[in-house]
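So you can see what is in the structure, the chains are spelled out below.
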Amino acid sequence: MAVSETIAQHPPGPGYDRGIFPVPQRGPLGLRRFLRMIRDNEISVFGQESFVNEMVQGRIAFQWFATLNKPEFIEHVLLTNHRNYDKGRLNRQILGPVLGEGLLTAEGDAWRRQRRATAPAFHRRRIEAAAAVMTLSAEAAVERLRPAARAGQPVDIMPEMMTLTMDIIGRALFSRDLGPSVFDLGAAVSTIIHSFGKPSPLDLLGLPEWLPRHRAPEAKRAVAQLDAMIDGIIAEGRARQEEGDDLLAMLIDYRDEEGRGFGERALRDQIMTLFAAGHETTGVALTWVFYLLSQHPEVEARLHEELDTVLGGRLPEVADLESLDYARMVIDETLRLFPPAFAINRFSLGPDRIGSHDIRPDTLITISPYVTQRSPLWWEDPLRFDPERFAPGTESGRHRFAYFPFGGGPRVCIGNTFALMEARLVLATLAQAYRMRLAPGHPVEAQGLITLRPRHGMKMILEPRGKGL
């Protein structure tokens, strides 16, 4: 079935016809049009062929590419033969100027060393210990939103969710209260996303890395602002090194088998990566969760019923998560339709064969949760929002790479368990307090930059319920 027919037969809810998602194009785009579209909205370049074929291959100028859709092909690249594929120059050019050589950008031994150093902080016991921080930060957000809710004033919840998740990261991983500066830092991250999230034509066309890439002055200032914050976090961590037991202390104290620790630059890159990536993806996901709930009152009503039954107005705790299964299903289905990390890029180091397809060296491989998780090849009524897809037991009939919002293989997101617990606790806290309604006339459009953000923010009217009264 063509994607256009799927869209017509199974619209995912009110608002889709207003252009929330770009309609997949048919046939080749042409070089000029491709470059214009991908710099404006990366998801717009995924044509109909990407959704209804197992793989699409081609060449743009000097660069060969392949877009994979079949779960077995994705598994081959991310897991089975992952050593033949690295993140390559596109990743370095887009993320490197901000994240340096952190977990998201490092390769080989440097990446393995960083992963070993960071992994203990994301042990389940440590994550569960952070639950109280998550719910207290969410409760502070409830209070912050109360005046606007009582007045019936629209609130852009995207920066609110970013502020909340940034506060959680600062407290849970670095024992740092960011205070009022969290609002300015959120604006800086947004500036960086909008600047660095637009790939340079030089990178897309496979031109040499030594050619200079233009970056807007405001983006450079935003990076400097984040650097100053990271320097402060490191200085505080060193001052309390004897008593620290958080991720920062682990990174400062870390020594590998040869006795080597992290230098100042490597330490900065690690913290910047965990701070920036850790709050951005969860904040974006929560924004889309509340949008989808506002468009599907029957789902929202069932969620509220679960929250009222299990919690009865009190803050959620780790022990409650097992009973908040529908909240988990809502989040999982949101991540299927709106995966914050909507595309994963790899470059082939050598020749390979995937299924019946030959892969040349230095081919740009694109693996997109946005594409595969919306493909009619793997999902029934793929554009319909239906949390029941993730009811207990349903995963047994689904290939593990048909749903992979956190990636997969050795480089699966290290913070996925942290993020999922955080999302559930925040959702349970805020949804007990408020029913959110999309502000009349507010445009909603998904824009693929580094993450899948709503282009115009997400203005909502908050109706107090329960604790929000």
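Residues numbered from 1 in each chain as written. Predicted model: local features only at pLDDT ≥ 70, side-chain atom pairs only at ≥ 80, totals over all residues. Heavy atoms only, no water.

1. What to know about the overall build of the chain
When helices and strands are counted, the chain shows 18 helices and twelve strands. Rg of the C-alpha trace for the chain: 22 Å, near the compact-globule value of 23 Å for 469 residues, within the 12% margin. Taken along the three principal axes of its C-alpha coordinates, the chain extends 60 × 60 × 45 Å. For the chain, the residues scored as buried account for 56% of the 469 residues in total. Of all intrachain contacts in the chain linking residues separated by at least 6 positions in sequence, the fraction that spans at least 24 positions is 75%. Between the centroid of the 56 positive side chains of the chain and the centroid of its 59 negative side chains there is a distance of 5 Å. (Helix = DSSP H or I, 4+ residues; strand = E, 2+ residues; numbered from the N terminus. Rg over C-alpha atoms; globule rule 2.2 N^0.38 Å. Buried < 20%, exposed > 50% of the residue type's maximum accessible area, 1.4 Å probe, protein only. Contact = heavy atoms within 4.5 Å. Lys, Arg positive; Asp, Glu negative; His and termini not counted. Charge placed at Lys NZ, Arg CZ, Asp CG, Glu CD.)

2. Examining the sheet that holds strand β9 (residues 434–438)
In sheet architecture, strand pairing relies on hydrogen bonds along the backbone and comes in two forms, parallel and antiparallel. The sheet built from three strands is open, its strands ordered β4-β12-β9 with antiparallel pairing. With one partner strand each, in any of the chains shown, β4 (155–156) and β9 form the two edges of the open sheet. Pairing of β4 with strand β12 (residues 459–464) involves two bridges; the strand directions are antiparallel. Each residue of the ladder has a partner; that of Val155, found in β12, is Met460. The strands that helix α8 (residues 131–151) touches are β4, β9 and β12; relative to β9, the one it contacts most, it runs at about 55°. Seen against the sheet, helix α14 (residues 264–295) touches β9 and β12 and runs at an angle of roughly 80° to β9. (Pairing = 2+ DSSP bridges. Axes fitted to C-alpha atoms, helices over the stretch in contact; angles between N-to-C directions.)

3. Focus on the nonpolar core
Counting residues in each nonpolar core, the largest one holds 122 residues, and the members touching the most others are Phe174, Phe290, Tyr370, Phe418, Leu427, Leu430 and Leu462. No other element matches α14, which puts 15 residues into this core. Phe174 has contacts with Ile169, Ile233, Arg240, Asp246, Leu247, Leu248, Ile271, Leu274 and Phe275, leaving out every residue within four places of it along the chain. The next biggest cluster of nonpolar side chains, apart from the first, holds 15 residues, and it includes Ile74, Ile344, Ile359 and Ile365. (Core = buried A, V, L, I, M, F, W, Y, C linked by side-chain atoms within 4.5 Å.)

4. Some details on the sheet that holds strand β3 (residues 85–86)
In spatial order, the strands read β1-β2-β8-β5-β3; together these five strands make up an open sheet with mixed pairing. Edge positions in the sheet fall to β1 (55–60) and β3, since each of these pairs with one other strand and no more. Relative to strand β8 (residues 364–367), strand β2 (residues 63–68) runs parallel, the two being bridged by four bridges. Of the residues in β8, the one forming a bridge with Ala66 is Ile365. Contacting β2, β3, β5 (344–348) and β8, helix α5 (residues 88–99) crosses the sheet at an angle of about 135° to β5.

5. Some points on the pairing of β2
Judged from the six bridges that link them, β1 and β2 form a sheet pairing that is antiparallel. Residue pairing in the sheet places Arg59 in a bridge with Trp64 of β2. In sequence, β1 turns back onto β2 through a hairpin of two residues, with Ala61 there showing a positive phi of about 55°.

6. Side note on the pairing of β8
Side-chain direction in a regular strand flips from residue to residue, so the side chains alternate between the two faces of the sheet. Here β8 shows a buried face lined by Leu364 and Thr366 and a second buried face lined by Ile365 and Ile367. Pairing analysis gives four bridges linking β5 to β8, with the strands arranged antiparallel. Its bridge partner lying in β8, Asn345 is registered against Thr366.

7. Focus: the packing of aromatic side chains
Here the structure, examined in full by the defined rule, presents ten aromatic pairs. Ring geometry for Phe46 versus Tyr370: centroids 6.3 Å apart, planes at 35°, classification tilted. Placement of the pair is Phe46 in the loop between α2 (31–40) and α3 (48–52) and Tyr370 in helix α17 (residues 369–372), with a sequence separation of 324 residues. There is no split in this pair, since Phe46 and Tyr370 are both buried. Taking 6.2 Å as the distance between ring centres and 80° as the angle between the ring planes, the aromatic pair formed by Phe122 and Phe418 counts as edge-to-face. Linking Phe122 in the loop between α6 (108–118) and α7 (124–129) with Phe418 in helix α18 (residues 416–433), this pair joins segments that are 296 residues apart in sequence. Of the residues examined, Phe122 reaches a relative accessible area of 13% and is grouped as buried. Using a relative accessible area of 5% as the deciding quantity, one classes Phe418 as buried. Put simply, the rings of Phe21, Trp288, Tyr291 and Phe338 pair up and form one aromatic cluster. The aromatic ring of Trp379 is capped on one face by Arg336, whose charged end is 5.1 Å from the ring centroid. (Phe/Tyr/Trp six-rings, centres within 6.5 Å; stacked < 30°, edge-to-face > 60°. Lys NZ or Arg CZ within 6 Å of the ring centre and 35° of its normal.)

8. Some remarks on unusual backbone geometry
Not every positive phi belongs to a glycine, and Asp362 is a case in point at roughly 60°. Looking at the element boundaries, Asp362 is found in the loop between β7 (357–359) and β8. Since its relative accessible area comes to 37%, Asp362 is described here as partly exposed. Notably, Asp381 is not glycine yet its phi reads approximately 45°, a positive angle.

9. A short note on helix α4 (residues 71–80)
Note on helix geometry: an α-helix contains 3.6 residues per turn, so any two residues three or four positions apart are oriented the same way. With seven of ten residues buried, α4 is to be regarded as a mostly interior element. For α4, the full list of buried residues reads Pro71, Phe73, Ile74, Glu75, His76, Val77 and Leu78.

10. Observations regarding α14
The terminal C-alpha atoms of α14, which comprises 32 residues, lie 47 Å apart, in line with the 46 Å expected from a rise of 1.5 Å per residue. Taking burial as the measure, the 32 residues of α14 include 26 buried ones, the bulk of the element. (Expected span 1.5 Å × (residues − 1).)

11. A few points about the packing of helix α16 (residues 325–337) against α18
Each pair of packed helices gets described by two things: the angle between the helix axes and the distance between those axes. Contact geometry for α16 and α18: axes closest at 10 Å, N-to-C directions at 120°. Between α16 and α18, the angle falls in the class oblique. Along this stretch, α16 crosses α18, giving a crossing that reads as right-handed. Mapping the contact onto sequence places Ala327, Arg328, Ile331, Asp332 and Leu335 in α16 and Leu420, Ala423, Arg424 and Leu427 in α18. Along the lines of polarity and charge, the residues of the contact of α16 with α18 split into six nonpolar, no polar and three charged. (Parallel < 35°, antiparallel > 145°, perpendicular 65-115°, else oblique. Left-handed = near helix turned anticlockwise from the far one by under 90°. Nonpolar A, V, L, I, M, F, W, Y, C, P; charged D, E, K, R; others polar.)

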